[in-house]
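Below are the chains, spelled out letter by letter.
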Amino acid sequence: MKHFLLLAAASLSVAATPAPKSAPKPEPARILIAGDSTVQTYAAERYPQGGWGQFLACGLSPDAVVINRAIGGRSTKSFINEGRWDRMMGEIRPGDTVLIQFGHNDATKAKPERYADPAMYRDNLLRFIWETRGHGAFPVLVTPVARRSFDAAGKARADFAEYSAVMRELAATTATPLIDLEGASRNLLDRMGADKAVVYYMNLTPGAYTAFAAGLKDDTHFTELGARTMADLVAEQLSGLSVPAAKAVLAQRPDLERTTPLGKYACH
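Residues numbered from 1 in each chain as written. Predicted model: local features only at pLDDT ≥ 70, side-chain atom pairs only at ≥ 80, totals over all residues. Heavy atoms only, no water.

Enquirer: Please provide a residue-by-residue account of the pattern of salt bridges, values included.
Expert: In this structure the tally under the stated criterion is 15 salt bridges. Glu82 is the partner of Arg84 in a salt bridge, and the nearest nitrogen-oxygen pair spans 2.6 Å. Residue classification places Arg84 among the partly exposed residues on the basis of a relative accessible area of 24%. Among the ionic pairs, Asp232 bridges to Arg253, the shortest N-O distance being 2.6 Å. Here Asp232, found in helix H9 (residues 224–238), pairs with Arg253, found in the segment after H9; they are 21 residues apart in sequence, far enough to count as distant. For the pair formed by Asp232 and Arg253, the shared burial category is buried. (Salt bridge = Lys/Arg side-chain N within 4 Å of Asp/Glu carboxyl O. Buried < 20%, exposed > 50% of the residue type's maximum accessible area, 1.4 Å probe, protein only. Helix = DSSP H or I, 4+ residues; strand = E, 2+ residues; numbered from the N terminus.)

Here you go:
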């Protein structure tokens, strides 16, 4: 009888022990992007033009959120002056990752509303870094993606070398994570060569696409295939950074590794 009572007491004790609380579900990764036309999201009627920010989510876990505020023709200067940076800061949440790629339009001396010399560019980027951190978020600098531009020896040029150098210096002095997209895209172009790399850029024959019926010769902006490929380069480097969004990058990214265009902006 005594043995039975002890067993019963033990059973009651076990039953009374509260079940362990399950760990809270982690918040989905959020990425905000500031940038120019090589990054922006395009409407369907602009196909096949695309920006790498348009396809970045195709290489991330399904619950990740990408808010792409990149827009064509903007530099750090005009992005600030038009209030776009302030509006983006109004959307930011603690723990967000903020990708920042400018340089193409900052270098345009012929357009004073855009032009920011390297010193102004540096100051503007510093503002982006400190304000992002002030919101409890994580800035990531992205060097300006390469154009289809080759020197006489057949090597891909760094057309925005001064601006990339500023970014690299700031990344080092402010301990800001860096995605060296300029370096990665130039390496890709070197491997491809000028002729094969043409499919990544908006070099279109007349009549091939409704939006560009007259054809186009453009070695700066990306086709769907080029935008997917550049997004993959960004995702690869993002995965190795100490920022919250790194955990959202998929190990295998078939939607970004296509060798032929899908014919639309969807991931797959």
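Having seen the structure, we can now continue with the description.
Enquirer: Describe the sheet that holds strand S2 (residues 49–50), with residues and values.
Expert: Sheets are built from strands paired through backbone hydrogen bonds, the pairs being either parallel or antiparallel. One open sheet holds the three strands; their spatial order is S2-S8-S7, and the pairing between them is antiparallel. Each edge of the open sheet is held by one strand with a lone partner, namely S2 and strand S7 (201–204). Along the sheet, H9 contacts S2, S7 and strand S8 (216–223); its crossing angle with S8, the most-contacted strand, is approximately 35°. (Pairing = 2+ DSSP bridges. Contact = heavy atoms within 4.5 Å. Axes fitted to C-alpha atoms, helices over the stretch in contact; angles between N-to-C directions.)

Enquirer: Just give me the short version of the environment of Arg186, but keep the residues and values in it.
Expert: Structurally, Arg186 is set in helix H7 (residues 181–192). Overall, Arg186 belongs to the partly exposed group, its relative accessible area being 27%.

Enquirer: An account of the side chain of Ser75 is requested, with residue identities and associated values reported.
Expert: Note on placement: Ser75 falls in the loop between strand S3 (65–68) and helix H3 (76–81). Since its relative accessible area comes to 0%, Ser75 is described here as buried. Of the polar contacts made by the side chain of Ser75, one reaches the backbone oxygen of Arg114; its length is 2.6 Å. Among all residues touching Ser75, those that are not within four sequence positions of it are Phe102, Asn105, Asp106 and Arg114. (Polar contact = N/O pair within 3.5 Å; in protein donor to acceptor, adjacent residues only side chain to side chain.)

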